[in-house]
Amino acid sequence: GAGVSQTPSNKVTEKGKYVELRCDPISGHTALYWYRQSLGQGPEFLIYFQGTGAADDSGLPNDRFFAVRPEGSVSTLKIQRTERGDSAVYLCASSLTSGTTGELFFGEGSRLTVL
Amino acid sequence: AQSVAQPEDQVNVAEGNPLTVKCTYSVSGNPYLFWYVQYPNRGLQFLLKYITGDNLVKGSYGFEAEFNKSQTSFHLKKPSALVSDSALYFCAVRGTGRRALTFGSGTRLQVQP
């Protein structure tokens, strides 16, 4: 596709439920990032993939959060036993290069609301 | 550790006037600096970046930014603001050897007609 695609755009769930958020990066981009943006704040880094492997997962807040990228393209962010504090916009980004100079291209985000 | 500070929550400017949105950073090694813009209910859009070389970087939509190593700053500027520039602006930094961008808390730019 032309840009980073994220689904669903909106997800409302109940506390304690399991949620999956999907990201389809720009074709050919090997690096993929997940960020979380709470209201009134800047994006907060969660995890970075280079190819299929999670190269840096230092931003995941706890073990309820997990992400995969099994074929080096599409990625899924998985949240178990959701809590109200997980409510935020989850942003996915991809980058052509794995180096430090490349800019990230962001999707429009998945807005998660935990009731 | 790497961090970004955007000291102003909001900047107000009249259309046609110059604008500046401030950003300071802290990083180990060489800094790689970025500016993004976010319109309501949209993802972040890349504006410009500083990697090396000329301290004045030009980007999209007439924006530019000036890298100042001694002041660890990377302020975003535009000579003549447009009402359509009204949006949320984020500064971000990446240090040597890091892959993740660290973002500031954002500055809301309001351009009045």
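So, here's what we can say about the structure. (Residues numbered from 1 in each chain as written. Chains lettered and ligands numbered in written order. Predicted model: local features only at pLDDT ≥ 70, side-chain atom pairs only at ≥ 80, totals over all residues. Heavy atoms only, no water.)

Digging into the environment of Gln38 of chain B
- Within the fold, Gln38 of chain B resides in strand 5 (residues 32–38).
- Remark: the alpha-carbon pair of Gln38 of chain B and Lys78 of chain B, spanning 40 residues in sequence, is separated by 17 Å.
- In this structure Gln38 of chain B touches Gln37 of chain A together with Gly43, Leu44, Ala87, Leu88 and Phe90 of chain B, once residues within four positions along its chain are discounted.
- A distance of 3.1 Å separates a polar atom in the side chain of Gln38 of chain B from a polar atom in the side chain of Gln37 of chain A.
- Only 3.2 Å separates the side chain of Gln38 of chain B from the backbone oxygen of Arg42 of chain B, close enough to count as a polar contact. (Helix = DSSP H or I, 4+ residues; strand = E, 2+ residues; numbered from the N terminus. Contact = heavy atoms within 4.5 Å. Polar contact = N/O pair within 3.5 Å; in protein donor to acceptor, adjacent residues only side chain to side chain.)

Quick look at the state of the cysteines
- Tallied over the full model, the rule gives two disulfides over all chains.
- Through a disulfide, Cys23 of chain A is tied to Cys92 of chain A; the S-S separation comes to 1.9 Å. In this structure the cystine formed by Cys23 of chain A and Cys92 of chain A twists about its S-S bond by roughly -70°; its chirality is therefore left-handed. Highlighted residues: Cys23 of chain A in strand 3 (residues 19–24) and Cys92 of chain A in strand 9 (residues 88–95), separated in sequence by 69 residues. Here the two residues Cys23 of chain A and Cys92 of chain A agree in accessibility, since each one is buried.
- Each disulfide pairs two cysteine sulfurs, and for Cys23 of chain B the partner residue is Cys91 of chain B, the sulfurs being separated by 2.0 Å. An S-S torsion of about -65° defines the bridge between Cys23 of chain B and Cys91 of chain B as left-handed. Of this pair, Cys23 of chain B sits in the loop between strand 3 (19–21) and strand 4 (24–26) while Cys91 of chain B sits in strand 10 (residues 87–94); the two residues are 68 residues apart in sequence, bridging distant segments of the chain.
- For Cys23 of chain B, a relative accessible area of 0% translates into the label buried. (Disulfide = S-S within 2.5 Å. Buried < 20%, exposed > 50% of the residue type's maximum accessible area, 1.4 Å probe, protein only.)

Observations regarding the pattern of salt bridges
- A complete count under the given rule lists eight salt bridges over all chains for this structure.
- Arg64 of chain A serves as the salt-bridge partner of Glu83 of chain A, at 3.6 Å between the closest nitrogen and oxygen. On the criterion of sequence distance, the pair formed by Glu83 of chain A in the loop between strand 8 (75–79) and strand 9 and Arg64 of chain A in the loop between strand 6 (53–56) and strand 7 (65–68) is long-range, its members being 19 residues apart.
- For Glu83 of chain A, a relative accessible area of 39% translates into the label partly exposed.
- Lys78 of chain B serves as the salt-bridge partner of Asp85 of chain B, at 2.8 Å between the closest nitrogen and oxygen.
- Take Lys78 of chain B: its relative accessible area is 7%, and that puts it in the buried class.
- Connected through salt bridges with shared partners, the residues Arg64, Glu83 and Asp86 of chain A form a single ionic network. (Salt bridge = Lys/Arg side-chain N within 4 Å of Asp/Glu carboxyl O.)

A look at the packing of aromatic side chains
- Using the criterion set out here, one finds 14 aromatic pairs over all chains in the structure.
- Where Tyr35 of chain A meets Phe45 of chain A, the ring centres are 5.8 Å apart and the plane angle is 70°; that geometry is what we call edge-to-face. Residue Tyr35 of chain A is located in strand 4 (residues 31–37), and its partner Phe45 of chain A is located in strand 5 (residues 44–50); the two are separated by 10 residues in the primary sequence.
- Classification of Tyr35 of chain A by relative accessible area gives buried; the value is 0%.
- Among the residues examined, Phe45 of chain A registers a relative accessible area of 12% and is labelled buried.
- Taken together, the ring pairs connect Tyr33, Tyr35, Phe45, Tyr48 and Phe106 of chain A together with Tyr36, Phe46, Phe90 and Phe103 of chain B into an aromatic cluster. (Phe/Tyr/Trp six-rings, centres within 6.5 Å; stacked < 30°, edge-to-face > 60°.)

Looking at the interface of chain B and chain A
- Contacts between the two partners involve 22 residues from chain B and, on the opposite side, 22 residues from chain A.
- Between chain B and chain A, roughly 1700 Å² of surface is buried when both sides are summed, and carbon and sulfur atoms account for 52% of that area.
- Of all residues in chain B, Leu44, Arg94 and Arg99 of chain B give up the largest surface area on contact with chain A, accounting jointly for 30% of the area buried on that side.
- Along the contact surface separating chain B from chain A lie two salt bridges.
- A salt bridge links Glu103 of chain A to Lys49 of chain B, with the shortest nitrogen-to-oxygen separation between them at 2.7 Å.
- Counting across the interface, chain B meets chain A through eight residue pairs in polar contact (both at pLDDT 80 or more).
- Residue assignment for the side of chain B that touches chain A shows that the elements contributing at least two residues are strand 5, strand 6 (44–50) and strand 10 of chain B. (Buried area = accessible area lost by both parts, 1.4 Å probe.)

Read these as spatial facts, not as claims about activity.
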